[in-house]
Structures are given as C-alpha cells and as structure tokens.
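Chain by chain, the residues:
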There are 2 protein chains.
Amino acid sequence: MGDVTARLERLAERLRVVAGAENVITDPAELRTYECDGLTYHRATPGVVVLPDGAEQIAEIVRACTAEKVPYIARGSGTGLSGGALPRTDGVLIVTSRMRRILEIDIEDERAVVEPGVINLDVSKAVRPGGYYYAPDPSSQQICSIGGNVAENSGGAHCLKYGFTVNHVLACEIVTPSGEIVDISEAPGYDLLGAFVGSEGTLGIATKVTVRLTRLPEAVETLLAAFTSIESAGEAVSAIIGAGVVPAAIEMMDALAIEAAEAAVHCEYPEGAGAVLVVELDGPSIEVEHQFAQVKELCGQAFEIRVAADDAERALIWRGRKSAFAAVGRISPDYIVQDGVIPRTALPEVLARIDEMSGDSGVRVANVFHAGDGNLHPLVLFDDAVPGAGERAEEVSGKILDLCIEHGGSITGEHGVGVDKAKHMPRMFTEEDLDTMQMVRCAFDPDGLCNPGKIYPTPRLCGEVPGRRTKVHPLVESGKADLF
Amino acid sequence: MGDVTARLERLAERLRVVAGAENVITDPAELRTYECDGLTYHRATPGVVVLPDGAEQIAEIVRACTAEKVPYIARGSGTGLSGGALPRTDGVLIVTSRMRRILEIDIEDERAVVEPGVINLDVSKAVRPGGYYYAPDPSSQQICSIGGNVAENSGGAHCLKYGFTVNHVLACEIVTPSGEIVDISEAPGYDLLGAFVGSEGTLGIATKVTVRLTRLPEAVETLLAAFTSIESAGEAVSAIIGAGVVPAAIEMMDALAIEAAEAAVHCEYPEGAGAVLVVELDGPSIEVEHQFAQVKELCGQAFEIRVAADDAERALIWRGRKSAFAAVGRISPDYIVQDGVIPRTALPEVLARIDEMSGDSGVRVANVFHAGDGNLHPLVLFDDAVPGAGERAEEVSGKILDLCIEHGGSITGEHGVGVDKAKHMPRMFTEEDLDTMQMVRCAFDPDGLCNPGKIYPTPRLCGEVPGRRTKVHPLVESGKADLF
C-alpha cells in the first residue's frame, strides 16, 4: 500500500504539471464526491482526480499513468447505471467535465463535432435553430455527457426508431492506452468505431466526437393509452409493431410505476390503469396523421386514450415516464434498476412470470420499459432497513435476468455491463467468445490499466495467447483419420 | 519455393481428410478458375483450393494452415471489385460455395440465419412469401454471396435509405485465425461485429450469418428524369435531399453511361439526355404518394419524366442503371471502375473537375453513381491495345481519388480496399490510425496468415508493440517542465 501511495503522489505531482495544479484533486473530502456513478451501491474513493482540458493532456496523463503502472478510469457526468465509471482507490479518475466545447456545427452535412464533456441535450439545443437535433435520448439527457454516451452506447426512449449512440457517431478522436491520439471512423479499413462505442471506457478515452444530426420531424403526435391490464397493453404493442408501424417510441408502465410517478410529479395519468402506453410517432405530417389514426384504432382495448394537443401536453405525458426511475424513491426507500432484453414476442410471458415471482417473494417490482424493442427496466423495490430485504431484492433482480437469458435475450439493453454485470457475462458467452473480445482489449491495453475490472469477469493476463487450445477434429477423435 | 511446394502438398493431403478428396482442388487448370475476383487485372493462381461444408471443417483448415504456416484466403462468389479475394500462389483458397443453406427463417422476430455461400438475392426470395426482403442490394446481388457481402460491407443502390451490410447483420459465427469457432453479435461487451463486417476477410471467416429482414414496403414509386446537363440533375438531387425526402435510391448516370447502357440493354432512356436520375421512393402508400409528388416537382428542370406504371416498367428503368458497369464494355474494350466518396454537397464541383480532367487527358470517363450519398463510380475507359492508354487511364482514375480526398471524402465507398487501394490508405490515415487498426489485426492473427496483403500498405510485424513511440509534452519541449 505504501508503494501505491508513493506512486500516486508522484503521479499527482506530474498531473499538476500536465493539467495545472488547480485541476488535480487529492483532498480526501473532495475526492469523495467522485466515489460512485449512478450505480450507487458500489463505491470507491479515487486515488487522484484530474480534470484535463484536451486530448494532448489526456494523452500525457495516460502515459504518466502507464509509466507508474497506475490504473485510470474516465468519467463524464457519472450518470451511468452499471458502475462503468466506478473509480479505484489505487487509480486516477480522469473527469472530462472541462471539455465541453461544441467545436463545429455543419448543418449542410448534418454533423457536429463536440468534446466528450458536452451534455447530450446541449447538442440538440445548439442545432435546433438549424432544424436539427441529436437523436439518442437517455432519460438522463439533461445531465449526461456525450463521452459517457459513447462509452456506454446509450439508448433512450426513441431508440426504437432511431437506434443507439453507435448509430449516431460518425467518428471519434480517441486517446489509446498507449497514449496515442488516433482518429477512428466508419472509413475504409477496420471500423473500430463499432467496437469502441460501448466498450465502457476500456479501449481508450474519446476526446472528440463527430455526431450525426437528425432533421427535426415535420410532425409529432403523442398519445397516452390506459389499459386495465398489462396483458391488454402488451397486445396493443404487438398489434402496432405487427401492423408495420415503427413509432418513434412505445413505452409501457405498470400500475406500481404509475403510482410512483403520480406521487412524484403529478402527471395525472388515468386512474385505475393496470398499465399505460406512451406512443409517439414522428415524421412527415401526412404519414404521421395516417399512422396515428391506425395506432389509435389498435389501442382499441384501452379504456382511455389521451392525445397531446400541443408540446405542453406532450411534455406532461412524457414527464411521468421520464421521471419514473427517480419517482420510485417516493414509494420505496431503496430500489434496484434492472436492465434486460427479451424478444418483443416474449413480452406477455415474461411479464406474467415477473408478476408471479413478485407475488411469491413479496418483493414489489415496478415495470417501466421500452416495449417496442423488448428492453425491460424492472424496478425492484426494497427497504434496506429491513434485515435481508436487500438480499431478497437482489435475488429477484437476478431471477429477472435469468428470465431474459432463458428467452434468448440479453443481460443488458442500454445500461452496460460495468462492474454490475460482469459476473453474468459467461451466461451469454462461451469462453472462446469472451477470449476473442479480450484479445482486442489486450491489443489496446496490454498493461491492463485502462478501466480494469469492468465488463469481463476474469481479467485475462495479456501475455497469454488466447485461442491456442488444442482441438481435435471429430474424424481424428473417432480414429478415422490421423490428422496431425 | 521447394519448401512451399512441399508444405502445400502436405497441406492438400490433410485437407482431403478434412473436407473430402472431391472437395480439394490441386489440378493447375482447375485452379486457374479461381485466379482473380472482380478486380481482373490482379491475378494469382491459388496453391490449393478447398470447398468445406461447414464451420468445423473451416476451423480445421485454418488450424492446418497455421500449423504449416501457409496463408489462406476465403472466397464467396468472387464478385468483389477490389481484389479482397485475390488468392496467393503460396496459399490456400477456402471457397464457401458449398455452404449455401438457409438455416432458419424467423419472420416474427424479423431475422434469418444463413450460411456464407448463400446468394444475396436468394435470401429475399426465401422470405418474400412472409412479406419481407433482405435490404442490401449490390448490383451483383444475383450472384454475390452473403459471406462476401459481410467481408466487404457491401452496399447498393438502396443503401441511401437502408444502410450497408453492417446495418443488416445481427450476429455472425466466425472462425478466428486461431481456429476457434466464436459468436459475435451486437450484445454486451465489445461489438466486434462492426469491426468484423468490412474487415475484408482479414479477421477470420464468417460461417453463419444472422441477417435482419426488412418488411416489404407497402408502396414503391420509381421515376426516371432526363436532364439536359449533369449540373441540372445535380441540382435536383440537392433539392430533393434538402427538402428532407429520403428516397430509397437516387442514382445518376451521365451521357456516356447512358450511351453504354443503351447499346447493351436497350433501356430506351430519353434521347439527348446529358444526365438521368433514377429516383425511387418506398414506404407507406400515403407517404410515398405525397413525397413522390414533391420529387416530381423538384425535378422540374427535367425535360422528360417517366413514371413506372408497374413492376415491369420499374424493372426497365433499373435495367439501364444496374447493367451500366457491364454495358461499358460495349463502348470501350477496357475500363477501370473507380469507387470514391465525396460529401454530397461537393458533387457539382467534383463532377465539373472530372469533366475537365477527361477533356485535358483525352481519357473518356462515364459517370454512374449513388448521388444521394455522394458515392461516385466513374468508369475510366481505355483500349489496352493502344500503347500507354492503360497508364493514362490509371492516372486519371488516381486523380479522381485525389479529388475525393481533397474534398474530405473517402478512397472507397463500397468496393473495399483490398489489394487495389492499400497504397492509398496512408492518404486518409495517420501512421497511428493505421497502427491502431493493425493492432486488432495482430491480436486476431498474430501469424499474419489470414488474407495477408490486403487493406494495409505495410504489413506490421506483429511482435512490435505499436504506439510506444516517445512523445514529448509541449511543456517539456519548451523547457517549462521536467516531466519524466
């Protein structure tokens, strides 16, 4: 430990030269501000925090960390929900909040170049006068940063139609773990952008992001449909997608989630609803008008349908949905936000099973989710003051993931793996699959210093050459051939 | 050479055991069939050809090649235009044409699982009864294979609206250069799919491809608009895109390309056209109807507009465009197909410059291109019987790429880098950028046996650790700090 302390002290000295003394934090009280991201039940006070102002400084910081063999972790706004930006006490936390310049807006070619600390919503605000916006809209878009969005490949309610961050990033300037400043893009050669976006900060640090701008739609229509049961709401979702309509968003909330939202933001959703759907269509007026009529018809089982007459009413409808996570705090002292994916067609079955599990265990589960693409966000409620409650909630939360995997789904839809779900990776991937991913990690980061401990359950010793296990051809095994 | 011959002979023996003697070709005359792909001016007779029937056999072949240190190259239908499947005389060519089973069609979840040798158009044919098709449509779609499409990230006329192969592949089973069978997908962890699709066969061999199925549009409308000049056609393209219409396709052909198509397939395009546009819209009827009226209006400068009344007329309009490359053979004994990208907004300027270059050099250039996304396919005509003509054509073709790069575009839009354009890579990328890509290549293929010589101008010796060059911080350089 003394060795670690000495190395961190030497490193802090260097970082003061690189980034300026005022941008290096070593005071224990100040460091504690950074002890977790949105996954609050994992905490670690970082060894040193540094706030660089550009790619050159980050490259220098990375090289300094490498020289001292000190791990480093990048952090944007710290809103991630899987602990991707969880610091290390023996490491450096590189915070990008000073890098929030919008460097270029090119409306004609529909792109903008921004620094990683730029807030998601600020991109849309900046390009709105030109008739554009930035499409990916995580619920945290008012505070989350583009760099964090890139690391986590963030989604949002409108990703059903518009895709995730990876579909809206055209190029990145990154600092690699070797301390090089490199441009990656959807250009000839390997498209490293696809692997980098969503690599949760383990392949380097984005220092400049070129994002695709999306034209503001000519028309937007939003409705709230209230159903007596979650089954009938689910049937409406299937009917809408089955009819070939691709809404900008279809969001579902169950009774408990509605209750929470109501308590928190008074969104005035219809009373007595077993489930509500928020359906939004956007696009050319004539198409939206036509399809919106279709959607209303397909929601025929709803006992009430409200159509937003203007932007204010639209905002009111969305307020309930967008505040749902935070709102749950009103009805439960503690909760776990789960994030899993199932094929959309398995929705009714999985929801019924969750309901059953909740009944059996006595653990309340509020369901809020992107119904269109089968991305569930069950909120598992508990009271940490009750002995064993946290464990029971964890268990139910884990069983929900089991359900997702059983149904051919995924352990995460948009919150990432981070530290939270690394242990579940072997349930989705073979050892060979994981080795192949880690091969890339080792290529980028042979010293294992770039956000270690995230994504993969077993860090690979990068000296080992993976995939060299001896395999025997079936013909050889059966004695029919002598191959080698 | 004697050593190579011996190794190839030993290897052929093994491959006969693995894949069956009838599926291993060593006869020189038969081998010559495989000496090139669609880039016909690079040729090499493969050392051995093997036609495996599945992933296990391919894994075995790759391991056998690795044991003998013999390079190997995968090939689908061999329609690629950049020499990505160019064989090596000292290597093995792994041909996937026996692997053409459609393994699974899942209409409900909108996906199909196919073997790499399946012909692109056969996927659409198989799912059409369910109301679906496979969207990426390279001109060669009647013969090209899905495996080749994955390797080259193939595009096509309709990629403007629907995206490239990478946007339609959901998962791949691949054999890595270490001989492992691995699944990669858009799942948690690294999205290696993005890097693999378009890696031109250098990161492994796809053995199973899960593709996204696209719902057949409710309505399709196609028009042919004839303009007196290429400038006025270009203005119409800008006006259409500027109006926020996203056509399924906007294709442009200039006078020389029209002349060639006319000579070959009698497509009866309007006489005297300086340029034609083929514009296709698809989607919900009501949207298509409305936007089609808009497009007709925006093509107001055309001296003739023909609307396809039915599928037969639509096919006639497309016949001219789709046969344009081959048709050029009717008006010129030899030609080079160039493939470059420019920002759409630079179209008029670049086309004028090409015209100028053609005039100055006396080398005829026929322009056929995906106007909507700035992907140019100039056909540079020459007669190889005329001394120096080939060189002059090469020069003009190279200068067209210069123009693309000057305008912030790319050296390839959809034909890939292959052997053809490897030398141009350093013009788009820094040494650090290329090193970072090759880091991934070395991680996958430390022995450098998987399709070597493609994409990168300088093969990296995989022992070298890239990116460890000493960099000096500006403050140190200026004497203001003593950093290390």
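Residues numbered from 1 in each chain as written. Chains lettered and ligands numbered in written order. Predicted model: local features only at pLDDT ≥ 70, side-chain atom pairs only at ≥ 80, totals over all residues. Heavy atoms only, no water.

**A word on the overall build of chain A**
Turning to step 1, where the next piece is worked out: The helix and strand tally for chain A stands at 17 helices and 19 strands.
Turning to step 2, where the next piece is worked out: Against the globule reference of 23 Å for 484 residues, chain A gives a C-alpha radius of gyration of 24 Å, in line with a compact fold.
Turning to step 3, where the next piece is worked out: Across the 484 residues in chain A, those meeting the buried criterion constitute 60%.
Turning to step 4, where the next piece is worked out: Across chain A, every contact between residues at least 6 apart in sequence was considered, and the portion connecting residues at least 24 apart equals 70%. (Helix = DSSP H or I, 4+ residues; strand = E, 2+ residues; numbered from the N terminus. Rg over C-alpha atoms; globule rule 2.2 N^0.38 Å. Buried < 20%, exposed > 50% of the residue type's maximum accessible area, 1.4 Å probe, protein only. Contact = heavy atoms within 4.5 Å.)

**Digging into the sheet that holds strand β5 (residues 102-106) of chain B**
Residues and elements named next belong to chain B.
Turning to step 1, where the next piece is worked out: Read across the sheet, five strands follow the order β5-β6-β10-β8-β9 without closing on themselves; strand pairing throughout is antiparallel. The two strands at the open ends of the sheet, each matched to only one other strand, are β5 and β9 (181-185). Direction aside, neighbouring strands of the sheet carry axes that sit 15° apart on average.
Turning to step 2, where the next piece is worked out: Looking at chain direction, strand β8 (residues 169-175) and β9 are connected through five bridges and run antiparallel. Residue pairing for β9: A171 is matched across the bridge by S185.
Turning to step 3, where the next piece is worked out: Sitting on the sheet, helix α3 (residues 55-68) is in contact with β8, β9 and β10 (205-212), with an inclination near 50° to β8. (Pairing = 2+ DSSP bridges. Axes fitted to C-alpha atoms, helices over the stretch in contact; angles between N-to-C directions.)

**Things to note about empty space enclosed by the protein**
Here the idea is plain: a probe the size of a water molecule rolls over the atoms and shows the empty space left.
Turning to step 1, where the next piece is worked out: A full pass over the atoms with the stated rule returns 14 cavities of 30 Å³ or more.
Turning to step 2, where the next piece is worked out: Its boundaries defined by the atoms lining it, the largest cavity holds a volume of some 70 Å³.
Turning to step 3, where the next piece is worked out: Every residue along the wall of the largest cavity is listed here: L192, A195, V440 and F444 of chain A together with I174, I184, L192, A195, F196, L203, V440 and F444 of chain B.
Turning to step 4, where the next piece is worked out: Those elements that place two or more of their residues in the lining of the largest cavity are α7 (192-196) and α16 (431-444) of chain A together with α7 (192-196) and α16 (431-444) of chain B. (1 Å grid on protein atoms, 1.4 Å probe; cavity = no way out; pocket = protein on both sides within 12 Å on 5 of 7 lines; lining within 4 Å. Points joined across faces, edges and corners; volume = space filled by probe spheres on them.)

**A word on the environment of L203 of chain A**
Turning to step 1, where the next piece is worked out: Within the secondary structure, L203 of chain A sits in the loop between α7 and β10 (205-212).
Turning to step 2, where the next piece is worked out: Sequence separation between L203 of chain A and N451 of chain A is 248 residues; the distance between their C-alpha atoms is 8.4 Å.
Turning to step 3, where the next piece is worked out: Other than its neighbours up to four places away in sequence, L203 of chain A contacts T176, P177, A195, F196, V440, R441, F444 and C450 of chain A together with Y190 of chain B.

**Section: the state of the cysteines**
Residues and elements named next belong to chain A.
Turning to step 1, where the next piece is worked out: For the structure on display, the rule yields zero disulfides over all chains.
Turning to step 2, where the next piece is worked out: Between C65, a cysteine without a disulfide, and C450, which holds the nearest cysteine sulfur, the sulfur-to-sulfur distance is 9.9 Å.
Turning to step 3, where the next piece is worked out: Looking at C299, it has no disulfide partner, and the nearest cysteine sulfur is the one in C267, 18 Å off. (Disulfide = S-S within 2.5 Å.)

**Looking at the UniProt feature "domain: FAD-binding PCMH-type" (unreviewed entry) in chain A**
Turning to step 1, where the next piece is worked out: With numbering aligned to this structure, UniProt lists the feature "domain: FAD-binding PCMH-type" (unreviewed entry) at residues 42-216 of chain A.
Turning to step 2, where the next piece is worked out: Each end of residues 42-216 of chain A is marked by a C-alpha atom, and these two atoms are 39 Å apart; helix forms 22% of the span and strand 25%. (UniProt positions renumbered as here; feature names shortened; annotations may be inferred.)

**Regarding the sheet that holds strand β5 (residues 102-106) of chain A**
Residue and element names in this part refer to chain A.
Turning to step 1, where the next piece is worked out: An order of β5-β6-β10-β8-β9 is seen for the five strands of this open sheet, with the pairing classed as antiparallel. Each having just a single partner strand, β5 and β9 (181-185) make up the two edges of the open sheet. Mean inter-strand twist for the sheet, computed between neighbouring axes without regard to direction, equals 15°.
Turning to step 2, where the next piece is worked out: Relative to β10, strand β8 (residues 169-175) runs antiparallel, the two sharing six bridges. The partner of I174 across the bridge, within β10, is A206.

**Let's talk about the packing of aromatic side chains**
Turning to step 1, where the next piece is worked out: Within the structure shown, the criterion is met by four aromatic pairs over all chains.
Turning to step 2, where the next piece is worked out: For the pair Y456 of chain A and Y190 of chain B, a centre-to-centre distance of 5.3 Å together with 80° between the ring planes defines the contact as edge-to-face. Of this pair, Y456 of chain A sits in the loop between α16 and α17 (474-477) while Y190 of chain B sits in the loop between β9 and α7, placing the two residues on different chains. The same class applies to Y456 of chain A and to Y190 of chain B, which are both buried.
Turning to step 3, where the next piece is worked out: Where Y133 of chain B meets Y162 of chain B, the ring centres are 6.4 Å apart and the plane angle is 80°; that geometry is what we call edge-to-face. With Y133 of chain B in strand β7 (residues 132-133) and Y162 of chain B in helix α6 (residues 159-162), this residue pair connects regions lying 29 residues apart in the sequence.
Turning to step 4, where the next piece is worked out: The exposure class of Y133 of chain B is buried, given its relative accessible area of 14%.
Turning to step 5, where the next piece is worked out: K322 of chain A extends its terminal NZ or CZ atom over the ring of W318 of chain A, reaching a point 5.7 Å from the ring centre. (Phe/Tyr/Trp six-rings, centres within 6.5 Å; stacked < 30°, edge-to-face > 60°. Lys NZ or Arg CZ within 6 Å of the ring centre and 35° of its normal.)

**Focus on the confidence of the model for chain A**
Turning to step 1, where the next piece is worked out: Predicted confidence across chain A gives a mean pLDDT of 91, with 94% of residues reaching 70 or more.
Turning to step 2, where the next piece is worked out: Counting interchain partners and residues more than four positions distant, the pLDDT-below-50 stretch residues 465-484 of chain A has 39 contacts. (pLDDT = per-residue confidence, 0-100.)

**Quick notes on a negative patch on the surface**
All names here are of chain A.
Turning to step 1, where the next piece is worked out: The grouping of E231, E235, D355, E356 and D360 at the surface amounts to a negative patch.
Turning to step 2, where the next piece is worked out: For the negative patch, the secondary structure elements donating two or more residues are α8 (230-242) and α13 (347-361).
Turning to step 3, where the next piece is worked out: The element best represented in the negative patch is α13, accounting for three residues.
Turning to step 4, where the next piece is worked out: Inspection of the secondary structure assignment puts E356 in helix α13.
Turning to step 5, where the next piece is worked out: With a relative accessible area of 47%, E356 lands in the partly exposed category. (Patch = residues over 30% accessible without salt bridge, like charges linked within 9 Å, V, L, I, M, F, W, Y side chains within 5 Å. Areas by Shrake-Rupley, 256 points an atom, 1.4 Å probe, with all protein chains shown as cover. Salt bridge = Lys/Arg side-chain N within 4 Å of Asp/Glu carboxyl O. Lys, Arg positive; Asp, Glu negative; His and termini not counted. Charge placed at Lys NZ, Arg CZ, Asp CG, Glu CD.)

**A closer look at the interface of chain B and chain A**
Turning to step 1, where the next piece is worked out: Chain B puts 72 residues into the contact, and the matching count from chain A is 72 residues.
Turning to step 2, where the next piece is worked out: Across the chain B/chain A interface, buried area totals approximately 6,000 Å², and carbon plus sulfur atoms make up 61% of it.
Turning to step 3, where the next piece is worked out: At the surface where chain B touches chain A, the tally comes to zero salt bridges.
Turning to step 4, where the next piece is worked out: At the junction of chain B and chain A, the tally comes to ten residue pairs in polar contact (both at pLDDT 80 or more).
Turning to step 5, where the next piece is worked out: Within the residue set of the side of chain B that touches chain A, elements represented by two or more residues are α1 (2-19), α3, β9, α7, α8 (230-242), α10 (285-298), α15 (425-428) and α16 of chain B.
Turning to step 6, where the next piece is worked out: When its residues are assigned to classes, the side of chain B that touches chain A shows 36 nonpolar, 18 polar and 18 charged. (Buried area = accessible area lost by both parts, 1.4 Å probe. Polar contact = N/O pair within 3.5 Å; in protein donor to acceptor, adjacent residues only side chain to side chain. Nonpolar A, V, L, I, M, F, W, Y, C, P; charged D, E, K, R; others polar.)

**A look at the side chain of H370 of chain A**
Turning to step 1, where the next piece is worked out: Here H370 of chain A lies in strand β18 (residues 365-370).
Turning to step 2, where the next piece is worked out: Once you skip the residues sitting within four places of it in the chain, H370 of chain A turns out to touch G156, A157, I250, E251, R321, N375, H377 and E414 of chain A.

**Considering helix α14 (residues 389-406) of chain A**
All names here are of chain A.
Turning to step 1, where the next piece is worked out: Its 18 residues give α14 an end-to-end C-alpha distance of 26 Å, which sits within 8% of 26 Å, the value for a rise of 1.5 Å per residue.
Turning to step 2, where the next piece is worked out: Among the residues making up α14, those that are buried are A389, G390, A393, V396, S397, I400, L401, L403 and C404. Across the axial projection of α14, the buried residues extend over an arc of 155°, all falling on one side. More than 90 degrees from the buried face of α14, the exposed residues found are E391 and E406.
Turning to step 3, where the next piece is worked out: In this structure, the buried side of α14 is in contact with β16 (334-337), β17 (340-341), α13, β18 and β19 (375-382). (Expected span 1.5 Å × (residues − 1). Arc of directions from axis to C-beta.)

**With respect to the relation of the copies chain B and chain A**
Turning to step 1, where the next piece is worked out: Superposition record for chain B on chain A: RMSD 0.0 Å, screw rotation 180°, translation along axis 0.1 Å. The relationship between the two copies is best expressed as a two-fold rotation axis.
Turning to step 2, where the next piece is worked out: The overlap is high: 100% of the interface residues of chain B also sit at the interface in chain A, so the same surface is used on both sides. (Least-squares fit on C-alpha atoms with pLDDT ≥ 70 in both.)

**Some thoughts on the packing of α16 of chain A against α16 of chain B**
Turning to step 1, where the next piece is worked out: Running from N to C, α16 of chain A and α16 of chain B cross one another at 135°; their axes reach a closest spacing of 9 Å. With respect to their mutual orientation, α16 of chain A and α16 of chain B come out oblique. Regarding α16 of chain A and α16 of chain B, the two cross each other, and that crossing is right-handed. Residues T436, M439, V440, A443 and F444 of chain A of α16 of chain A lie in contact with α16 of chain B, whose contacting residues are T436, M439, V440, A443 and F444 of chain B. (Parallel < 35°, antiparallel > 145°, perpendicular 65-115°, else oblique. Left-handed = near helix turned anticlockwise from the far one by under 90°.)

**Side note on helix α9 (residues 255-265) of chain B**
The α-helix advances 3.6 residues per turn, and as a result positions three or four apart in sequence lie on the same side.
Residue and element names in this part refer to chain B.
Turning to step 1, where the next piece is worked out: Buried within α9 are the following residues: L256, A257, I258, A260, A261, A264 and V265.
Turning to step 2, where the next piece is worked out: Turning to α9, the residues buried within the fold contact β13 (249-254), β14 (275-283), α11 (311-322), α12 (324-327), β18 (365-370) and β19 (375-382).
Turning to step 3, where the next piece is worked out: Downstream of α9 by a residue or two, H266 has a phi angle that is positive, lying close to 50°.

**Description of unusual backbone geometry**
Residue and element names in this part refer to chain A.
Turning to step 1, where the next piece is worked out: Not every positive phi belongs to a glycine, and K69 is a case in point at roughly 55°.
Turning to step 2, where the next piece is worked out: Looking at the element boundaries, K69 is found in the loop between α3 (55-68) and β3 (72-75).
Turning to step 3, where the next piece is worked out: Here K69 falls in the exposed class, since its relative accessible area comes to 53%.
Turning to step 4, where the next piece is worked out: Of note in the backbone geometry, I455 takes a positive phi value of approximately 70° without being a glycine.
Turning to step 5, where the next piece is worked out: Looking at the element boundaries, I455 is found in the loop between α16 and α17.

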